[in-house]
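If you want the building blocks of each chain, they are given just below.
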Amino acid sequence: MRTGNPSDFAVDSPNRWLYTVDAVNHQVQKFDSKGTLMNAWGSRGRDDGQFLRPNDIALNVADGWVYVVDAGNHRVQRFDTRGRFLGSWGGLGSGNGLFNDPVQVVYDSSNEWVYVVDKGNNRVQRFDTRGRFLGSWGQAGAGNGFFREPSEIALDSTTGWLYVSDTGNNRIQWFDFRGRFLGLKGKRGSENEQFIDPTSIGVNTDNGWVYVVDQGNNRIQRFTSRLAFLDAWGSEGSSEGQFQTPGGIAVGPGGDWVYVVDKGNRRVQRFSSRGVFSLEWGKQGNGQGQFQAPSAIVVDESGFLYIGDIEIHRVQKLDDRGNFQWEAVTIVPDGG
């Protein structure tokens, strides 16, 4: 057996299924509510259902579809929940519907649209559920609505607004659901409202607050839904509320808790919605509730946490106080 790295994962809350995407072994795996492998699909290649460095995944639960960013092939592939190939779109290029290093796919259940962050083309593209091109926005530059290496998009499902980490420009941009520019915040620096390599974004749909992981400054900044600055917390260190290269961020159901993956300290920290430290758990190790290289984090509708660890090839499920529930180990059979 060969282990694989969970480069991204998604949770189907109604069915309690976990999907992981493995960029090293070019495969998707599906686990049940106890972390038992249900099925897997994919292999290295360019044919339908094959992958080259898949790096992101999103679920359309209503239709029972799974979208996978096949980064090395510059396309998005669509499958049913059993892994049967349904279609794909894209290819290397800069025209409508083509990609250059796509890095993220997001499904908007309200409008039934699919957004793809097309990093190499410095834009975001919008498609219908089957991959038909609907529109795009962005190009290389520093003007309003322009990007330099956009890394992540976050959707406020209540308003339909989109927030994009414009990492190369050290700022966050705000758009409506069709990509119309609404505002931005940030430039390079360490003062309030400034960033160094902003990455993950969390949205509190209960009050509209936007949380930005200001990775280079080892802190979190909080804004209103219209990007008015509210406050910031964190600094470099290993004490409570400090960070060493913070990573993924997630907001729990009801908006009461904000969870931050503190990658360098190999832990997860929990804060109130206003950034008051509450709990921490994790340390370096391979045991239950321990981490080597924690990365992405997802909170399901019941408040359970799923945390990926690319070093020890697993996703752990924890409750909202950090108590271990189970783990899903990404494994590829020899010859797979």
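Rules used throughout
- Residues numbered from 1 in each chain as written.
- Predicted model: local features only at pLDDT ≥ 70, side-chain atom pairs only at ≥ 80, totals over all residues.
- Heavy atoms only, no water.
- Helix = DSSP H or I, 4+ residues; strand = E, 2+ residues; numbered from the N terminus.
- Rg over C-alpha atoms; globule rule 2.2 N^0.38 Å.
- Contact = heavy atoms within 4.5 Å.
- Areas by Shrake-Rupley, 256 points an atom, 1.4 Å probe, with all protein chains shown as cover.
- Lys, Arg positive; Asp, Glu negative; His and termini not counted.
- Charge placed at Lys NZ, Arg CZ, Asp CG, Glu CD.
- Pairing = 2+ DSSP bridges.
- Axes fitted to C-alpha atoms, helices over the stretch in contact; angles between N-to-C directions.
- Buried < 20%, exposed > 50% of the residue type's maximum accessible area, 1.4 Å probe, protein only.
- Polar contact = N/O pair within 3.5 Å; in protein donor to acceptor, adjacent residues only side chain to side chain.
- Salt bridge = Lys/Arg side-chain N within 4 Å of Asp/Glu carboxyl O.
- Phe/Tyr/Trp six-rings, centres within 6.5 Å; stacked < 30°, edge-to-face > 60°.
- Lys NZ or Arg CZ within 6 Å of the ring centre and 35° of its normal.

Asks: Sorry if this is basic, but what is going on with the overall build of the protein chain here?
Replies: Per the secondary structure count, the protein chain includes 0 helices and 30 strands. Computed over C-alpha atoms, the radius of gyration of the protein chain comes to 19 Å, within 12% of the 20 Å expected from 2.2 N^0.38 for 336 residues, which places it in the range of a compact globule. Partitioning the contacts of the protein chain with sequence separation of at least 6, the portion at a separation of at least 24 is 41%. Approximately 13,400 Å² of the protein chain is accessible, and the part contributed by carbon and sulfur atoms is 41%. Across the protein chain, the 35 positively charged side chains and the 39 negatively charged ones have centroids separated by 2 Å.

Asks: Whenever I open this one, the sheet that holds strand β29 (residues 324–329) confuses me. Can you help?
Replies: Note: strands within a sheet are paired through backbone hydrogen bonds, in either parallel or antiparallel orientation. If you trace the 4 strands from one edge of the open sheet to the other, you get β26-β27-β28-β29, paired in antiparallel fashion. Of all strands in the sheet, those with a lone pairing partner are β26 (294–299) and β29, marking the two edges. Neighbour-to-neighbour, the strand axes of this sheet turn through a mean angle of 20°, independent of strand direction. In this sheet, strand β27 (residues 305–309) lies alongside β26 in antiparallel orientation, the contact comprising 4 bridges. Across the sheet, Pro294 pairs through a bridge with Asp309, a residue of β27.

Asks: Sorry if this is basic, but what is going on with the side chain of Arg219 here?
Replies: Along the chain, the position of Arg219 falls in strand β20 (residues 219–223). Assessed through its relative accessible area of 8%, Arg219 is described here as buried. In this structure the side chain of Arg219 is engaged in a polar contact, spanning 2.8 Å, whose partner is the backbone oxygen of Glu191. A polar side-chain atom of Arg219 sits 2.7 Å from a polar atom in the side chain of Asp214.

Asks: Looking at this structure, how should I read the pattern of salt bridges?
Replies: Two side chains with opposite charge may pair up if their charged atoms get near one another. The tally for this structure, following the rule as stated, stands at 12 salt bridges. The network of salt bridges with shared partners includes Asp262, Arg267 and Glu280.

Asks: Explanation requested: the environment of Arg267 in the structure shown.
Replies: Here Arg267 is to be found in strand β24 (residues 267–272). Sequence separation between Arg267 and Asp166 is 101 residues; the distance between their C-alpha atoms is 26 Å. Residues within four places of Arg267 in sequence aside, it is in contact with Gly237, Ser238, Ser239, Gln242, Val260, Val261, Asp262, Glu280, Trp281, Gly282, Phe291 and Pro294. At a separation of 3.0 Å, a polar atom in the side chain of Arg267 contacts the main-chain carbonyl oxygen of Ser238. Engagement of the side chain of Arg267 in a polar contact is seen with the backbone oxygen of Ser239, the distance being 2.9 Å.

Asks: How should the packing of aromatic side chains be read in this particular structure?
Replies: Each aromatic ring pair is described using two quantities: the centre-to-centre distance and the angle formed by the ring planes. Evaluation of the coordinates by the stated rule reveals 22 aromatic pairs. Both rings, one in Tyr115 and one in Trp137, keep their centres 6.2 Å apart while their planes meet at 75°; by these two values the pair is edge-to-face. Residue Tyr115 is found in strand β11 (residues 113–118), and its partner Trp137 is found in strand β13 (residues 133–137); the two are separated by 22 residues along the sequence. Among the residues examined, Trp137 registers a relative accessible area of 8% and is labelled buried. Relative to Phe181, the ring of Phe175 lies with its centre 6.0 Å away and its plane at 75°, an arrangement referred to as edge-to-face. Taking relative accessible area as the criterion, Phe181 reaches 28% and is therefore assigned partly exposed. These aromatic residues form a ring-pair network of at least three members: Tyr67, Trp89, Phe99, Tyr107, Phe127 and Phe133. Geometry around Trp257 places Arg270 over its ring, the cationic atom sitting 3.7 Å from the centre. The ring of Phe304 carries Lys317 above its face, with NZ or CZ at 4.4 Å from the centroid.

Asks: Hey, could you run me through the sheet that holds β20 in this one?
Replies: Spatially, 4 strands are ordered β18-β19-β20-β21 in an open sheet, and the strand pairing comes out antiparallel. A single partner strand is all that each edge strand has here, and the edge strands are β18 (198–203) and β21 (229–233). Each neighbouring strand pair of the sheet contributes to a mean axis angle of 20°, computed without reference to strand direction. Taken together, the 4 bridges between β20 and β21 define a ladder with antiparallel strand orientation. Directly across from Arg222, in β21, lies its bridge partner Asp231.

Asks: Help me understand the side chain of Asn73, please; the structure alone is not making it clear to me.
Replies: Tracing the backbone through its elements, the reader meets Asn73 in the loop between β7 (65–70) and β8 (75–80). Asn73 gets classed as buried once you look at its relative accessible area, which sits at 9%. A polar side-chain atom of Asn73 sits 3.0 Å from the main-chain carbonyl oxygen of Gly45. A polar contact of 2.8 Å, which involves the side chain of Asn73, links it to the side chain of Asp70.

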